[in-house]
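Single-letter residue listing:
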Amino acid sequence: MKQLTTSQIRQVFLDFFSKHQHQKLEGASIIPDNDPTLLYINSGMAPLKSYFLGEASPPEKKMCNVQPCIRTNDIEDVGDRHHLTFFEMMGSWSIGDYYKEGAIKLAYDLLVNHFEYDPQKLYATVYKGNAEAGIPADTESIEFWKSVGLPEDHIVSLGDDNFWGPAGQTGPCGPCTEVFFDTGDEYGPAYTPGGHFDDVNRYIEIWNAGVFMELNKMADGSFENLPLKSVDTGAGVERMYMALNNCDSLYDVDVVKPIYDLAKIKFGAEHITQKDLRMVTDHIRSSTFILSEGVKPDKDGRGYIVRRLIRKCITVAVRAKTPPIELIELSNEVIEQLKDFYPQLELQKKQILQLLEDEIVDFEPAIKNGLELLNDELANVTDKKLDANKVFILVTTHGVPFEIVKDYAMARSVSIDEKEYEKLYREHQKVSRQGTETNALVDLGLDSAHLEELTNGVAPTEFTGYDELNIEARVLAILQNGKKVEKTDSTNQCLVVTDKTTFYAEGGGQAADKGRIENDNFKGTVVDVKNHNHVYIHYLNIDEGFISQSDVVKLSVDKNNRESTAKNHSATHLLHSALRSVLGEHVSQKGSLVNSEKLRFDFQHNKPLSKDEIQSVENLVNQWIWQATGCNITEESYQKAIASGVTALFGEKYQEDVRVVRFADFSAELCAGTHVVNSGQIGLVKILTETSTARGIRRMEAITGSVAYEYLSKSDQIISAVQEIIRGDKEQLVENIFALKKSAKENKAKDSLTQTAWDVDEILEGTSGLKAIFGQIGLDKKELIDLGEKELKSRALDVAFMVSPAEDKLVVVVIVSDKNTDKMKANIILKNWIERFDGRGGGKANVAQGGINGKIDLALLKNSALEALG
Ligand code: SER
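Keep in mind it's a predicted model, so treat the numbers as computed, not measured.

Here's the deal with the packing of helix α11 (residues 349-379) against helix α13 (residues 402-411)
The description of two helices packed together rests on the angle between their axes and the distance between the axes.
Okay, step 1: The N-to-C vectors of α11 and α13 enclose an angle of 40°; their axes lie 11 Å apart at closest approach. Looking at the two axes, α11 sits oblique to α13. As α11 runs across α13, the sense of the crossing is right-handed. Seen from α11, the contacting residues are Leu371, Leu374, Asn375 and Leu378; seen from α13, they are Ile404, Val405, Tyr408 and Ala409.
Okay, step 2: For the contact of α11 with α13, the class distribution of residues is seven nonpolar, one polar and no charged.

Description of the site of the ligand
Okay, step 1: Surrounding the ligand, one finds Ser43, Met45, Arg71, Met89, Trp164, Asn208, Val211, Asp232, Thr233 and Gly234.
Okay, step 2: Glycine 234 is positioned with one of its backbone polar atoms (N or O) 3.1 Å from an oxygen atom of the ligand.
Okay, step 3: Compared with its free state, where it exposes 230 Å², the ligand has 97% of that area covered by protein.
Okay, step 4: At the level of secondary structure, the elements contributing two or more residues to the shell around the ligand comprise β8 (203-217) and β9 (223-236).
Okay, step 5: At three residues, the largest contribution of residues to the shell around the ligand is made by β9.
Okay, step 6: When grouped by side-chain class, the residues that make up the shell around the ligand number four nonpolar, four polar and two charged.

Some points on the sheet that holds strand β24 (residues 657-663)
Okay, step 1: If you trace the three strands from one edge of the open sheet to the other, you get β23-β24-β25, paired in antiparallel fashion. Here the strands that pair on one side only, and so sit at the sheet edges, are β23 (631-637) and β25 (667-670). Across this sheet, the average inter-strand angle for adjacent strands is 25°, counted without regard to direction.
Okay, step 2: Pairing geometry for β23 and β24, over seven bridges, is antiparallel. Bridge pairing in β24 places asparagine 632 opposite arginine 662.
Okay, step 3: Lying over the sheet, helix α17 (residues 559-583) contacts β24 and β25, oriented at roughly 115° with respect to β25.

Some remarks on unusual backbone geometry
Okay, step 1: For the peptide bond that leads from glycine 165 to proline 166, omega is -5°, which places it in the cis range.
Okay, step 2: Inspection of the secondary structure assignment puts proline 166 in the loop between β6 (163-164) and β7 (171-182).
Okay, step 3: With a phi close to 70°, histidine 534 is a non-glycine residue in the positive phi region.
Okay, step 4: With respect to the helices and strands, histidine 534 occurs in the loop between β18 (522-532) and β19 (535-545).
Okay, step 5: Residue classification places histidine 534 among the partly exposed residues on the basis of a relative accessible area of 47%.
Okay, step 6: We note that aspartate 838 has phi near 60°; this positive angle belongs to a residue other than glycine.
Okay, step 7: Here aspartate 838 is to be found in the loop between α23 (826-834) and β32 (840-843).
Okay, step 8: In this structure aspartate 838 comes out as exposed when scored by relative accessible area, which is 68%.

Examining α17
Okay, step 1: The end-to-end C-alpha separation of α17 is 35 Å, in line with the 36 Å expected for 25 residues at 1.5 Å each.
Okay, step 2: The buried fraction of α17 amounts to 18 of the 25 residues, a majority that puts the element mostly inside the structure.
Okay, step 3: Between the side-chain oxygen at the start of α17 and the backbone nitrogen of asparagine 560 there is a gap of 3.1 Å, and the oxygen is on aspartate 558.
Okay, step 4: Immediately beyond the C-terminal end of α17, within one or two residues, lies glycine 584, with a positive phi of roughly 125°.

A closer look at the sheet that holds strand β28 (residues 760-765)
Okay, step 1: Taken together, the six strands give an open sheet; going across it, the order is β28-β29-β30-β31-β33-β32, and neighbouring strands pair in mixed fashion. The open sheet has two edge strands with one neighbour each: β28 and β32. Each strand axis lies, on average, 15° off the axis of its neighbour in the sheet, ignoring direction.
Okay, step 2: Alignment of strand β31 (residues 809-816) against strand β33 (residues 847-853), held across seven bridges, turns out to be antiparallel. When the bridges of β33 are listed, lysine 809 appears paired with asparagine 853.
Okay, step 3: Contacting β28, β29 (771-776), β30 (799-806), β31 and β33, helix α22 (residues 781-795) runs over the sheet at an angle of about 35° to β31.
Okay, step 4: Of the strands in this sheet, β28, β29, β30, β31 and β33 are in contact with helix α24 (residues 858-869), which crosses β28 at around 30°.

Rules and cut-offs
- Residues numbered from 1 in each chain as written.
- Predicted model: local features only at pLDDT ≥ 70, side-chain atom pairs only at ≥ 80, totals over all residues.
- Heavy atoms only, no water.
- Axes fitted to C-alpha atoms, helices over the stretch in contact; angles between N-to-C directions.
- Helix = DSSP H or I, 4+ residues; strand = E, 2+ residues; numbered from the N terminus.
- Parallel < 35°, antiparallel > 145°, perpendicular 65-115°, else oblique.
- Left-handed = near helix turned anticlockwise from the far one by under 90°.
- Contact = heavy atoms within 4.5 Å.
- Nonpolar A, V, L, I, M, F, W, Y, C, P; charged D, E, K, R; others polar.
- Near = heavy atom within 4 Å.
- Polar contact = N/O pair within 3.5 Å; in protein donor to acceptor, adjacent residues only side chain to side chain.
- Areas by Shrake-Rupley, 256 points an atom, 1.4 Å probe, with all protein chains shown as cover.
- Pairing = 2+ DSSP bridges.
- Buried < 20%, exposed > 50% of the residue type's maximum accessible area, 1.4 Å probe, protein only.
- Expected span 1.5 Å × (residues − 1).

Here it is, written out as structure tokens:
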């Protein structure tokens, strides 16, 4: 085995796969982009999900990278030898290219020939199938492992641990084959075929060498076949280091150990258990990474995860009687260890440490109090049982981490009814989660359960809105004031379902149509439309009257709004193609938002676009618009469309037959949205901004049609107004402004001399009758001299004592008028003036300059000047 550093390990992995034609990708941000199923990226494949689903085309079929991951479902295991909540995953992928055989050959080659593992120390596990779920055993992988040379008794068939995924509740998943490293006899008995395979202590997983992604788990728990068979592998950098370097645990890894060692010093080994030390080391690594993304510790969602991690560390510190503020130094050490590979840590250092400090300051008093309460509760228990309600209050109201409550209880042999506690906690979470429902629902005081109630038993809505904007339809269901009703009884907002509709429901990044629903007895304005399991729900503001089930109503979509939205949507497709054409095929859509006002397009690209690139993209889109090409929309089989190179929209699910939107040969996308009939209708596109939303993801905002025209027209009016002031040709405006700026700068010094903004301006008269100006003004040295000379002349004075405050010091200047230089020397006067303040300086007979450190009282300075004047 090669003893390598983590940095070398990453390199060997990436070099190996690059050599085998895998495109090297940037690791994505740990904050998922457009993936509501995940709070944090938990594996290398998570940001690439849409490729496995066939919803987007990968830049290359074969790819590899190193992806930072947060995996908090392993949080309970942290403290053992080999579980971390933050780790770096080396991943390699084949999207519809090689499958099991290719993956296993590559895995064996890398491990044995490049990392130089002894095959006798390696074991491969494969999936033994699940008859109930109808998923067969993976016998092929057994054969492939044998054929590459792995001893047969090192191949172990296991159950559900060898079925990976999905990386959230739904999504791509499949059987997998994992490689384990034998850490030796001291960690447990050896595996014998048919016996127990100890994958906890003795055998440590070093690589999920192939998830064979062929299934898509649906929300109802069923599986669908994926359009492509793909391979997804993932190996923890830290685990690989642990195995290659024969470490006892991950806390010996080169980028982890310094944090562990520092924690040991800070906490004092005698005050803290090894488990807690490991936990703090791990949690501070995760927190540092999460905070670098600007996630603020919070009471729910993503922020709650990091709050929980930090608060556990704070609690451990308080318990060990170490000031929790010391955690900042640990975080700093994490940055030091990882900044070379993750420069954003260094860039965001200030933010990371500030957020951490805020949380510490916020939580420290609370946890001190909480731990006292916990001690009191434990002292008062009867029957050696701590009531679940009390635990719940300690956790939710006082912020004591549950694991800590458990630890404290265990230390006193007190038990907790964990099931009861979890029940209470789940209820509490359900209530907190309601805050994450869509705004429109929340505005109405509703949640998704109400949508279920409304649409339950209602047939899917027929959507006719591609071809017509006005129809008559029958009302099938109504919900008002949180209840399904036969008839509305007030003008409160309501939700209405009809048998058919012309209203486009929000989807694929496109906002819903707006418009009206009315009949003789009722008038309502449609403010939003959602598609809930193929039932379209119209959100209505009631203008007048009542609406009842079975009513026949007229649905009319706002034509202008629809057309403006269509322009923006079609322009988004053109923009996507233009970006690929200007920047390269790696540009893939990561999300979009299209409404009647503007379009927003998020895409993968790892650096800001230059002005020229933005200009080229805009030019190209406008060229395509002005070609006035018809928009050709067809229904095709999904397989055929993908095979013909059509781009699938990110995050969308497609039926067998899909809708393909084409503009000549420059754009073809799978899309259910509404579009212009001819690209010429878009009129014009103007890109307004290009920014970053997450690491490797750029965001462009643009406007089209009359909105773009108005924007340009307004810009032109501004230019004309400027032109009137500056005068001259429009073409020369920039040059003229530059010239003006330059002369303004040159005049600044002169202007400053004519200004009268003296802070102090006094005339001193010496005993010899010489007259001097003593003045303070905020100018630099040269300006002080110029001003002093001017004042001497214009006021016919003999000497000038000038002072100007600079950072932490005073700049001082003495000028003697020409007529006096034979009698007195400026450098001597300066010396006499500032010596007593430890000032330094020098010069000639007419001008001398110097500085005095610190703040000096002006009155003293003035007196001293008077004395120096003599
Ligand atoms: N997605 C798989 C895992 O996380 C392989 O990377 O284990």
